[in-house]
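Listed below, chain by chain, are the residues.
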Amino acid sequence: MLPQLEIAKRVCRVCLGKRLELLSSLSGFPRGAQYFLPDLSNVDADKSVSLEVVQCIDCGLVQLTNAPVDYYQDVITAAALSPKSKDQLKQEWQPIITKHSLQGKPAIEIGSGTGDFLEVLKHLGLVAIGLEHSQTNVHSGQAKSLNVQKGYLLDNQPLGKFALVVCNNYLEHQPQTGTFLKTLASLLEDDGILYLSVPNLEYLLRKSCLYEFVADHLVYFTRDTLRLACEISGLVVIDQYQKNNDNDLVLIAAKRKPLCLTDSIKIVDEISRSLKQCVVRAKEAGKTIAVWGAGHRALALMAISDLIEIDFIVDSATFKQGNFTPLLRKRIVSPAELIKNGCDLLIVMLPGNFAKHIETFIVDNNLSCEVIFFEDKKLTV
Ligand SMILES: [Zn+2]
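Structural notes, computed from the coordinates. This structure is a prediction, so every number in the text was calculated from the model and none was measured.

A few points about the coordination of the zinc ion
Move 1: All of the protein donors around the zinc ion are Cys12 (SG), Cys15 (SG), Cys56 (SG) and Cys59 (SG); their distances to the metal are 2.3 Å.
Move 2: Every donor counted, the four donor atoms about the zinc ion form angles of 102 to 117° at the centre, which fits tetrahedral coordination.
Move 3: Written as a sequence motif, the donor residues of the zinc ion are C-x2-C-x40-C-x2-C. Here Cys59 lies in the loop between strand 2 (49–56) and strand 3 (62–64) and Cys15 lies in the segment before strand 1 (20–29), a separation of 44 residues in the sequence.
Move 4: The exposure class of Cys59 is buried, given its relative accessible area of 11%.

A short note on the pattern of salt bridges
Move 1: Summed over all chains, the structure comprises 15 salt bridges.
Move 2: With a shortest N-O distance of 3.3 Å, Asp191 and Lys257 are connected by a salt bridge. Highlighted residues: Asp191 in strand 8 (residues 188–199) and Lys257 in the loop between strand 11 (248–255) and helix 7 (262–284), separated in sequence by 66 residues. Side by side, Asp191 and Lys257 carry an identical accessibility label, which is exposed.
Move 3: Between Glu309 and Lys276 there is a salt bridge; the shortest N-O distance is 2.9 Å. Here Glu309 is found in the loop between helix 8 (296–304) and strand 13 (312–314), whereas its partner Lys276 is found in helix 7, with 33 residues between them in sequence.
Move 4: According to the relative accessible area criterion, Glu309 is buried, its value standing at 15%.
Move 5: The partly exposed category is assigned to Lys276, whose relative accessible area is 22%.
Move 6: Connected through salt bridges with shared partners, the residues Lys276, Asp306 and Glu309 form a single ionic network.

Conventions used here
- Residues numbered from 1 in each chain as written.
- Predicted model: local features only at pLDDT ≥ 70, side-chain atom pairs only at ≥ 80, totals over all residues.
- Heavy atoms only, no water.
- Donors = N, O, S within 2.8 Å, 3.2 Å for Na, K, Ca; no water.
- Tetrahedral: all angles 85-135°; square planar, octahedral: opposite > 155°, others 65-115°.
- Helix = DSSP H or I, 4+ residues; strand = E, 2+ residues; numbered from the N terminus.
- Buried < 20%, exposed > 50% of the residue type's maximum accessible area, 1.4 Å probe, protein only.
- Salt bridge = Lys/Arg side-chain N within 4 Å of Asp/Glu carboxyl O.

Here is the structure:
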């Protein structure tokens, strides 16, 4: 059993779970990928670090515990995309644009670097803007006549809503990974889609190249943990695949839509109305009315339908007998009492098989009352 890290100090970067298990402490690593020494006058500051690799027990995410490198908000790109790479991107993207009808629609790339990918989006007919923290990168993008704003996603500058939100290999640098994902989702129009790419932990493990861990990358996703991270951030995953010879994972998602209860509400209103009408008519005809069933559904339905005209309730659960129902305050009696006193109208409010038993009970005991069975959505005589 590996030791668990001290709780409270550290929480999962995505789900905020507090149970992080130490997988390994990798010592002797550079402080980050971009800490080059301009000369050898200050080598004392050039210290190695240990990377503590932990896994969240709750969501499974593998992550590092170190603070982010001081340039984590900037996108560092070694070289411009080659024409071949741009062609590959166009091939990857054309079907996505067609499938989701994105042509001519607004798009944003979060962490747009020098604007290479924005150029591809623009070429494919999207109205694309970029958000980039590095001033040098912003200038590079603007020099290519691209619409690039300087900023960082979590600084809350108003950006608007987009049909497409793209985040290319930038999420793994973000210390508040879960908050970052939720904020990406908040930029989506109702039918918008999010495109994420991140390095593939499974590839790293397959090649056993633990030297791929780097202080710059704070989270390491597998196909499953990336999916879960998105799902707990208000997204529904539409597609997942690997690219760049399996080095990267891609995930395409949309915002989760809230359930719509409008139709159910209409049906319940209709049921309540017809139940009320039924008991009012019976009462006006001078009938005694009983309901069979003091389960939670029957109690709620009687109450919301305001069936005050009911005389008593029948239920075979002995612990309910002798009590009164909440809100309508009708006395609950035993089936034996029903046989003894009878009634003119019996409304059976029991689910499925239980209702069948009552049917048999009525026949066996020669009850002469009118019987109405209430089943989920309708009344049956
Ligand atoms: Zn977690």
